[in-house]
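In case you want the letters, here they are:
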Amino acid sequence: MVTGTRFRRTALTGAVLATVLGGGALLAACGTGGQDGAAAGPARLSVADSYIPLPPAGGMAAGYLTVRNDGGRDELVKVSSPGAESVTMHRSTPSSMEQVASLDVPAHGALQFARGGTHLMIMGWQKAPALGDELELDLTFAKSGTISVKVPVKELTYRPGQS
Ligand SMILES: [Cu+2]
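Here the structure is a predicted model, which is why all the values come from computation and not from measurement. (Residues numbered from 1 in each chain as written. Predicted model: local features only at pLDDT ≥ 70, side-chain atom pairs only at ≥ 80, totals over all residues. Heavy atoms only, no water.)

Caption draft 1: How the structure looks around the overall build of the chain. The number of helices and strands found in the chain is one helix and 10 strands. Reading the chain from its N end, one meets helices and strands in the order α-β-β-β-β-β-β-β-β-β-β. Residue burial in the chain is summarised as follows: out of 163 residues, 31% are buried. Within the chain, counting contacts between residues at least 6 apart in sequence, those at least 24 apart form 68% of the total. For the chain, the exposed area adds up to about 9,800 Å²; of that, 58% sits on carbon and sulfur atoms. (Helix = DSSP H or I, 4+ residues; strand = E, 2+ residues; numbered from the N terminus. Buried < 20%, exposed > 50% of the residue type's maximum accessible area, 1.4 Å probe, protein only. Contact = heavy atoms within 4.5 Å. Areas by Shrake-Rupley, 256 points an atom, 1.4 Å probe, with all protein chains shown as cover.)

Caption draft 2: Focus on the coordination of the copper ion. Every protein donor of the copper ion is listed here as H90 (ND1), M97 (SD), H119 (NE2) and M121 (SD), and their distances to the metal cover 2.1 to 2.5 Å. The coordination sphere of the copper ion comprises four donor atoms, whose angles at the metal cover 94 to 129°; the geometry is tetrahedral. (Donors = N, O, S within 2.8 Å, 3.2 Å for Na, K, Ca; no water. Tetrahedral: all angles 85-135°; square planar, octahedral: opposite > 155°, others 65-115°.)

Caption draft 3: Unusual backbone geometry, seen in detail. At D49, a residue that is not glycine, the phi angle is positive and equals roughly 50°. Relative to the assigned elements, D49 resides in strand 1 (residues 45–53). Residue D49 is classed as partly exposed on the basis of its relative accessible area, which comes to 44%. Of note, H108 is a non-glycine position whose phi angle comes to about 45°, a positive value. Structurally, the position occupied by H108 is in the loop between strand 6 (103–105) and strand 7 (110–112).

Caption draft 4: Highlighting the packing of aromatic side chains. Summed over the entire model, instances satisfying the criterion amount to two aromatic pairs. Aromatic ring contacts, followed pair by pair, group Y51, Y64 and Y158 into a single cluster. The side chain of K154 reaches across the aromatic face of Y158, ending 4.9 Å from its centre. (Phe/Tyr/Trp six-rings, centres within 6.5 Å; stacked < 30°, edge-to-face > 60°. Lys NZ or Arg CZ within 6 Å of the ring centre and 35° of its normal.)

Caption draft 5: The environment of P82, seen in detail. Here P82 is to be found in the loop between strand 3 (74–80) and strand 4 (84–92). The exposure class assigned to P82 is partly exposed, which follows from its relative accessible area of 44%. Sequence separation between P82 and W125 is 43 residues; the distance between their C-alpha atoms is 9.4 Å. Here P82 is in contact with Q126, E136 and D138, once residues within four sequence places are set aside.

As structure tokens, then:
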């Protein structure tokens, strides 16, 4: 009985130790070979799943998109549009939202705009948007320069992945 308990304790400690060591080795591998090296390299960006829910007549619209990154870290520092006076980056908090000056694009990751989270606010449309219209957005990144995308205006209830 006593021996049994002792054995089980030892086995458990061994398992925990193996987990800790395994995790540590993984972290070390990421830190040296992976993340640091990759974060210093050039970003490789692409934009997907962009859309603007149709705003009420000529009003303020939100914009959503995903910036994928197959390379090193970058930062979205500015968004503008030839078709709108002002485009700003916002982050939603549980009670309100705040404007942000830049957004991180992690190495080998993605910057994701989504309802209830990070979003663009688009104001001062030159022409009132209608379903099926496209608005050019010029996304300026700290390292990668500017990427222009045509963002479709969708139904108010649209979510990416739906048709
Ligand atoms: Cu906002």
